[in-house]
Amino acid sequence: MSSSASPFAATLDAVSGRVEPEHPLQERRVSDLEGLYADEAAWRSAVDSGNPLVYTVSAAPVPEEAGEVPFSITSIEPGDVGGELYMTKGHWHTAPEGEVYAGLSGEGGLLLFDGREHRWIELRPGAAGYIPPGWGHRTVNTGSEPFRFLAVYPGAAGHDYETVLRDGMGARVIRTNGGYEVRAREEQA
Ligand code: PA5
Ligand code: MN
């Protein structure tokens, strides 16, 4: 099987969070995270007071097709909604495919959930996290600067956002006095 893509070189800018060349930049605002934050009133008030940007995804122009290996930089702003830190929507892959994330700048982590238990992997610059097939995944900015990471995944992986909306991610990442806490579902009020 041959690819519809040609070989290309790309730059990964850990300061701007942009891949070059890139697909059109994806922007996700607080309104795009409807149904995902525990504190619905805080979510509504954030939407009504400016609907701030939560994250962007800058992706290289690689087709999402079997055999291809798309890659992208996600940049999550610092912030929270009712104390729950800014995060990606999170998803499962629709096919049994894994993925690798590598920290580029800032402080953050990777929350994984297989439907029963959750795991937390910190992603500082120089650290990578492996997402096996069958684990839902979401990233969270735990610091005070933008958190940026590289994602590399099989082109046939697909994205399922419905399961996270329905079942959650097994834990929530909450701001505390000194930093943050990964609070398991059963510990939540
Ligand atoms: O491929 C991935 O898992 C990432 O590039 C994510 O899509 C990206 O971090 C944005 O998260 P989400 O797709 O959950 O909105
Ligand atoms: Mn993924």
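A.B. asks: Looking at this structure, how should I read the overall build of the protein?
C.D. replies: Broken down by element type, the protein carries two helices and 15 strands. Seen through its C-alpha atoms, the protein measures out along the principal axes to roughly 55 × 35 × 30 Å. By the burial criterion, 42% of the 189 residues in the protein qualify as buried. Residue pairs in contact within the protein that sit at least 24 positions apart in sequence constitute 69% of those at least 6 positions apart. Where the 15 positive side-chain charges of the protein centre and where its 28 negative ones centre are 4 Å apart.

A.B. asks: Before we go on, may I ask you to explain the packing of aromatic side chains in this structure?
C.D. replies: Two aromatic rings are characterised by how far apart their centres lie and by the angle between their planes. Applying the stated criterion to the full structure yields five aromatic pairs. Taking 6.3 Å as the distance between ring centres and 15° as the angle between the ring planes, the aromatic pair formed by F8 and F71 counts as stacked. Pair noted here: F8 is in the segment before β1 (11-13) and F71 is in strand β5 (residues 71-76), with a separation of 63 residues, a long-range link. Of the residues examined, F8 reaches a relative accessible area of 35% and is grouped as partly exposed. Aromatic ring contacts, followed pair by pair, group Y101, F147 and F149 into a single cluster.

A.B. asks: What should I look at first to understand the coordination of the manganese ion (ligand 2) in this one?
C.D. replies: Angles at a metal have ideal values that depend on geometry: 109.5 degrees with four tetrahedral donors, 90 or 180 degrees with six octahedral donors. Only H91 (NE2), H93 (NE2), E99 (OE) and H137 (NE2) from the protein coordinate the manganese ion (ligand 2), and they sit 2.1 to 2.3 Å from it. Sequence spacing of the donors to the manganese ion (ligand 2): H-x1-H-x5-E-x37-H. Using a relative accessible area of 10% as the deciding quantity, one classes H91 as buried. The exposure class assigned to H93 is buried, which follows from its relative accessible area of 11%.

The rules behind each value
Residues numbered from 1 in each chain as written. Chains lettered and ligands numbered in written order. Predicted model: local features only at pLDDT ≥ 70, side-chain atom pairs only at ≥ 80, totals over all residues. Heavy atoms only, no water. Helix = DSSP H or I, 4+ residues; strand = E, 2+ residues; numbered from the N terminus. Buried < 20%, exposed > 50% of the residue type's maximum accessible area, 1.4 Å probe, protein only. Contact = heavy atoms within 4.5 Å. Lys, Arg positive; Asp, Glu negative; His and termini not counted. Charge placed at Lys NZ, Arg CZ, Asp CG, Glu CD. Phe/Tyr/Trp six-rings, centres within 6.5 Å; stacked < 30°, edge-to-face > 60°. Donors = N, O, S within 2.8 Å, 3.2 Å for Na, K, Ca; no water.

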